[in-house]
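Here is what each chain is made of, one letter per residue.
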Amino acid sequence: IYPGMIIMSAQRQAAALHKARLSIEEGRSELEALDSGFPRLHFSRKTLVETALRNTSVERMGRVIAQLADAAFDMRKQSSLAEVIAQRALLAIAVNARRRG
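Worth saying up front: this structure is predicted, and the values here are computed from it rather than measured.

(A) Highlighting the overall build of the chain. The secondary structure content of the chain amounts to five helices and zero strands. Seen in sequence order, the chain has helices and strands lined up from the N terminus as α-α-α-α-α. Oriented by its inertia axes, the alpha-carbon framework of the chain measures out at about 45 × 25 × 20 Å. The buried share of the chain, taken over its 101 residues, is 32%. Contacts in the chain between residues at least 24 apart in sequence constitute 65% of all its contacts with a sequence separation of at least 6. Summed over its atoms, the accessible surface of the chain is roughly 6800 Å², and 56% of this surface lies on carbon and sulfur atoms. A gap of 5 Å separates the mean positions of the 16 positive and 10 negative side-chain charges of the chain.

Here you go:
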C-alpha cells in the first residue's frame, strides 16, 4: 500500500475524531457525537473510538491533523522517502498519545 494512502486514512480518522470532540464540547453527549461523527462505525471499533474521544482534546487533535498534513506534504516533495516519513509521523503521534495517557 502506498504510504500516502495510509496517511490519508489517518487524516480522515483524525478529522472525524476532531469533529466528534468538537460536538462533545458543544454540549452533545458522547453517543450523539459518535453517531454524528462516525455514521457507519463498526461495533468492533466502537469502544476504541469512545476511548480515543475521552482521552483527547480539540487542541491535541488539531496538532495531530497538522502533523499528518505536514507528513503528506513532505511525502509529495520527497516521494523516495515517503515510507520513512509516514512511519515517523505515525510513530510520533503514537508516542505522544501514549505519553499523555
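That covers the picture; the talk isn't over yet.
(B) Layout of helix α1 (residues 3–25). With 23 residues, α1 should reach 33 Å at 1.5 Å per residue; the first-to-last C-alpha distance of 33 Å fits that figure. By the burial criterion, the buried members of α1 are P3, G4, I7, A14, A16, L17, H18, A20, R21, S23 and I24. Downstream of α1 by a residue or two, G27 has a phi angle that is positive, lying close to 115°.

(C) View of the packing of α1 against helix α2 (residues 30–37). α2 packs onto α1 with a crossing angle of 145° between their chain directions and a minimal axis gap of 9 Å. Crossing angle aside, the handedness with which α1 passes α2 is right-handed. Here A16, K19, A20, S23 and I24 of α1 lie close against α2, whose contacting residues are E30, A33, S36 and G37. Per-class residue counts for the contact of α1 with α2 are four nonpolar, three polar and two charged.

(D) Structural context of a nonpolar patch on the surface. On the surface, I1, Y2, M5, I6, M8 and L90 cluster together into a nonpolar patch covering about 610 Å² of accessible area. With three residues, α1 is the single largest residue contributor to the nonpolar patch. Tracing the backbone shows I1 in the segment before α1.

(E) Fine view of the side chain of S23. In this fold, S23 is placed in helix α1. Every residue in contact with S23, bar those within four places of it in the chain, is listed here: R28, A33 and S36.

(F) Molecular detail of the side chain of R21. With respect to the helices and strands, the residue R21 is situated in helix α1. Exposure remark for R21: the relative accessible area of 16% places this residue in the buried category.

(G) Main features of the pattern of salt bridges. According to the stated counting rule, one finds three salt bridges in the structure shown. Between R21 and E25 there is a salt bridge, with the nearest N and O atoms lying 3.7 Å from each other. Of the two residues, R21 and E25 are both situated in helix α1; the distance of four residues between them amounts to about one turn of the helix. Taken together, the salt bridges that share partners define one network made up of E30, E50 and R54.

Cut-off values and rules
Residues numbered from 1 in each chain as written. Predicted model: local features only at pLDDT ≥ 70, side-chain atom pairs only at ≥ 80, totals over all residues. Heavy atoms only, no water. Helix = DSSP H or I, 4+ residues; strand = E, 2+ residues; numbered from the N terminus. Buried < 20%, exposed > 50% of the residue type's maximum accessible area, 1.4 Å probe, protein only. Contact = heavy atoms within 4.5 Å. Areas by Shrake-Rupley, 256 points an atom, 1.4 Å probe, with all protein chains shown as cover. Lys, Arg positive; Asp, Glu negative; His and termini not counted. Charge placed at Lys NZ, Arg CZ, Asp CG, Glu CD. Expected span 1.5 Å × (residues − 1). Axes fitted to C-alpha atoms, helices over the stretch in contact; angles between N-to-C directions. Left-handed = near helix turned anticlockwise from the far one by under 90°. Nonpolar A, V, L, I, M, F, W, Y, C, P; charged D, E, K, R; others polar. Patch = residues over 30% accessible without salt bridge, like charges linked within 9 Å, V, L, I, M, F, W, Y side chains within 5 Å. Salt bridge = Lys/Arg side-chain N within 4 Å of Asp/Glu carboxyl O.

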